[in-house]
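Here is what each chain is made of, one letter per residue.
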Amino acid sequence: MNKDLLRFNQDKVYTFCDFETYNLCLSFCQNRPWQAGLIKYKGNKILESQNLYIKWDTDLKVGEEAARITGYNEKEVLSKAISPEEAFAKMSPWLEECDYIVGHNFLGFDLYLLKGYYEFMGESYNHLVEKIIDTNCLARGIKYDIPFRNEGGKLSNRELCLYQYKILNTKRRRVRSNLMALGKEFDIEHDYDNLHDAIVDLRLNIKVWNKLKMQINI
Amino acid sequence: MDIIPLFKSHYSLGRSILTLASESEPSGPDSIPQIAQENSLKEVYLVDDSMGGFLEAYSNLAKLKIKLIFGVRITVCQDLKKKNEASIQTSCKYVIFCKNKNGYKRLIKIYSEAATKGFYYEPRTDFESMKSHWSNEDLLLAAPFYDSFIFQNNFSSRGCVPDFSFCKPVLFVENNNLPYDHILKDLVEDYASASKYEKVNTQSVFYKNKEDFKAYLTFRCINNRSTLEKPQLNNMSSDTFCFENWTN
């Protein structure tokens, strides 16, 4: 067993992260995360989780359709919400201190909101980019039959990052790789009715990651 | 280190909200010549996606005694005669600058061939066509920071093989704080030092100030037939593609 491979390494700490947002815009001037779900995961065990609701000083509204999909309830969210500064103080140590940040379509979406959030807080975010594992990219890489070549068996974060970008920028039709589709494809038991709640999504994300990591040289 | 502002005008359809008019309209779009004049620029680097804006840029900048350095950002593929999906997989962007009047004439020939013989969804040239019209005295080839062969070969599944046997290109480097900028910068710098090509720091300018980003984003959404809530525009997250960012 090669302990350099993530699938066999029980010591790495992963932060699974997912944002629920007002809309699908990548720019912070037009979009914000109103919920941040984080799960700290190590050695096939969930260590801790955080479900943060964030109250922004903004006129942005969640659209009717988005509210229905995500189960957004303004009253409930506002009653639990904390300030962006407070949420950032709880969230950023988990992102900074972990070995990998894992998310589904994280490189294509959540990362841009994270970028905006870090910039809003006057912090630099670039150092986080190369420790991102995007399960959407990994799943698509498998479906496209474009393998990740882990030269020498030791994982290079930069190589993995570039591989994921290659997959992100390769579009093929009729390839389904959303979390629900992958969960069902892998016969994963889960509370599918409550997907689009950050924490529920992340629990499925963990199960999908555990399947994916066995299929790629990682 | 000097950073060159690379202006793009509305002649690059759907890509810029800056015009080449002699002055900005009140509560209308900003004009590149006026921005240049207000900021005492002695020369303007204009990089458009077509030749259409050259005349207006040249005449309006000449009135202000500002030198125009004009370049076309063009798709270069392996073989312009091949028009299929595979040929798209070999294509990336380059910028061809004209250094003088002869350079302008040569650029017209390259662009005309690209827009006729090479056209496949967009004007495309190839290295053979460029070589046949090339002169290093008159033209300069540059690899833009985004969408260059370095970008495509590393961040997408494309395979773009450059042929620089007839010229010595310069490589542009930018920083717009996009998530992959620092990785791409490293790759460009590695390539530049291995090949001994010159690097030039640039700043793409599509709008005047950071506060204009929302107007720019709206414009891009209209052109993309999408909405601000769902723009479906890759990487559209940074408000730094502006002149204000260059002045800072």
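This is a predicted model, so every value here is computed, not measured.

J.: How would you summarise the overall build of chain B if you had to cite specific residues and measurements?
T.: Along its length, chain B carries nine helices and ten strands. Its C-alpha radius of gyration of 18 Å places chain B within 12% of the 18 Å reference for a compact globule of 248 residues. Each principal axis of the C-alpha distribution contributes one length, and for chain B these read about 45 × 45 × 35 Å. Buried residues in chain B amount to 41% of all 248 residues. A sequence separation of at least 24 residues applies to 67% of the contacts in chain B between residues at least 6 apart.

J.: Can you break down the interface of chain A and chain B residue by residue, with the values?
T.: At the interface, 22 residues of chain A touch 18 residues of chain B. Elements represented by at least two residues in the side of chain A that touches chain B include exactly helix H4 (106-120) and helix H6 (157-168) of chain A. It is H6 of chain A that provides the largest number of residues to the side of chain A that touches chain B, a total of five residues. For the side of chain A that touches chain B, the residue count by class is eleven nonpolar, eight polar and three charged.

J.: Could you give me a rundown of the packing of helix H5 (residues 135-144) of chain A against helix H8 (residues 198-212) of chain A, with the residues and numbers involved?
T.: Residues and elements named next belong to chain A. As a packed pair, H5 and H8 sit with axes 10 Å apart at the nearest point and diverge in direction by 40°. For H5 against H8, the interelement crossing comes out left-handed. In this structure, H5 uses Thr135, Leu138 and Ala139 to contact H8, whose residues at the interface are Asn205, Val208, Trp209 and Leu212. When the residues that make up the contact of H5 with H8 are grouped by side-chain class, the tally is five nonpolar, two polar and no charged.

J.: Any details on the packing of H5 of chain A against H6 of chain A? Residues and values, ideally.
T.: Residue and element names in this part refer to chain A. Interhelical geometry of H5 versus H6 gives an angle of 65° and a closest axis separation of 9 Å. Comparing the axis directions of H5 and H6 gives the class roughly perpendicular. Here H5 and H6 pass one another in a crossing that is left-handed. Taken together, the residues of H6 that come into contact with H5 (itself represented by Cys137, Arg140, Gly141 and Tyr144) are Gln164, Ile167 and Leu168. In terms of residue class, the contact of H5 with H6 is made up of four nonpolar, two polar and one charged.

J.: With reference to specific residues and values, describe the pairing of strand S5 (residues 67-77) of chain B.
T.: Residues and elements named next belong to chain B. Counting buried residues in S5 gives nine out of eleven residues, a clear majority hidden from the surface. Summarising the sheet, strand S4 (residues 43-48) and S5 pair through six bridges and their orientation is parallel. Bridged to Asp48 within S5 is Val72. Judged from the six bridges that link them, S5 and strand S6 (residues 92-98) form a sheet pairing that is antiparallel.

J.: Kindly report on the sheet that holds strand S1 (residues 13-21) of chain A, identifying the contributing residues and their values.
T.: Residue and element names in this part refer to chain A. Pairing is mixed across the open sheet formed by five strands, whose spatial order is S3-S2-S1-S4-S5. Edge strands, defined here as strands with exactly one partner in the open sheet, are strand S3 (45-53) and strand S5 (132-134). This sheet shows a mean twist of 25° between the axes of neighbouring strands, independent of strand direction. Relative to S5, strand S4 (residues 100-103) runs parallel, the two being bridged by three bridges. Pairing of Ile101 across the sheet is with Ile132, part of S5. Its contacts with the sheet put helix H3 (residues 84-97) on S1, strand S2 (33-42), S3 and S4, and the angle it makes with S2 is roughly 35°.

J.: Now, about the nonpolar core: what can you tell me, with residues and values included?
T.: Of all hydrophobic cores here, the largest spans 108 residues; its most connected members are Leu46 and Ile96 of chain B. Broken down by element, the residue count for this core peaks at eight residues, all from H4 of chain A. Those residues in contact with Ile96 of chain B that sit more than four places away from it in its chain are Gly71, Val72, Ile74, Leu107, Ile110, Leu139 and Leu141 of chain B.

J.: Would you mind going over unusual backbone geometry in detail, with residue names and values included?
T.: Excluding glycine, a negative phi dihedral is what most residues carry, and trans is how most peptide bonds are arranged. All names here are of chain B. Phi angles above zero are rare outside glycine, and Lys196 is one such case at about 60°. Taking the number of C-beta atoms within 10 Å as the measure of exposure, Lys196 has 7 and is therefore exposed. Even without being a glycine, Arg225 presents a positive backbone phi close to 55°. Note on placement: Arg225 falls in the loop between helix H8 (213-224) and helix H9 (243-247). Of the residues examined, Arg225 has 7 C-beta atoms within 10 Å and is grouped as exposed.

J.: Quick rundown of the environment of Asn100 of chain B? Include the residues and the values.
T.: Its location among the elements puts Asn100 of chain B in the loop between S6 and helix H4 (101-115). Considered as a pair, Asn100 of chain B and Leu6 of chain B are 94 residues apart in the sequence and their alpha carbons are 18 Å apart.

What counts and how
Residues numbered from 1 in each chain as written. Chains lettered and ligands numbered in written order. Predicted model: local features only at pLDDT ≥ 70, side-chain atom pairs only at ≥ 80, totals over all residues. Helix = DSSP H or I, 4+ residues; strand = E, 2+ residues; numbered from the N terminus. Rg over C-alpha atoms; globule rule 2.2 N^0.38 Å. Buried ≥ 20, exposed ≤ 12 C-beta atoms within 10 Å, placed from the backbone. Contact = placed C-beta atoms within 7 Å. Nonpolar A, V, L, I, M, F, W, Y, C, P; charged D, E, K, R; others polar. Axes fitted to C-alpha atoms, helices over the stretch in contact; angles between N-to-C directions. Left-handed = near helix turned anticlockwise from the far one by under 90°. Parallel < 35°, antiparallel > 145°, perpendicular 65-115°, else oblique. Pairing = 2+ DSSP bridges. Core = buried A, V, L, I, M, F, W, Y, C linked by C-beta atoms within 7 Å.

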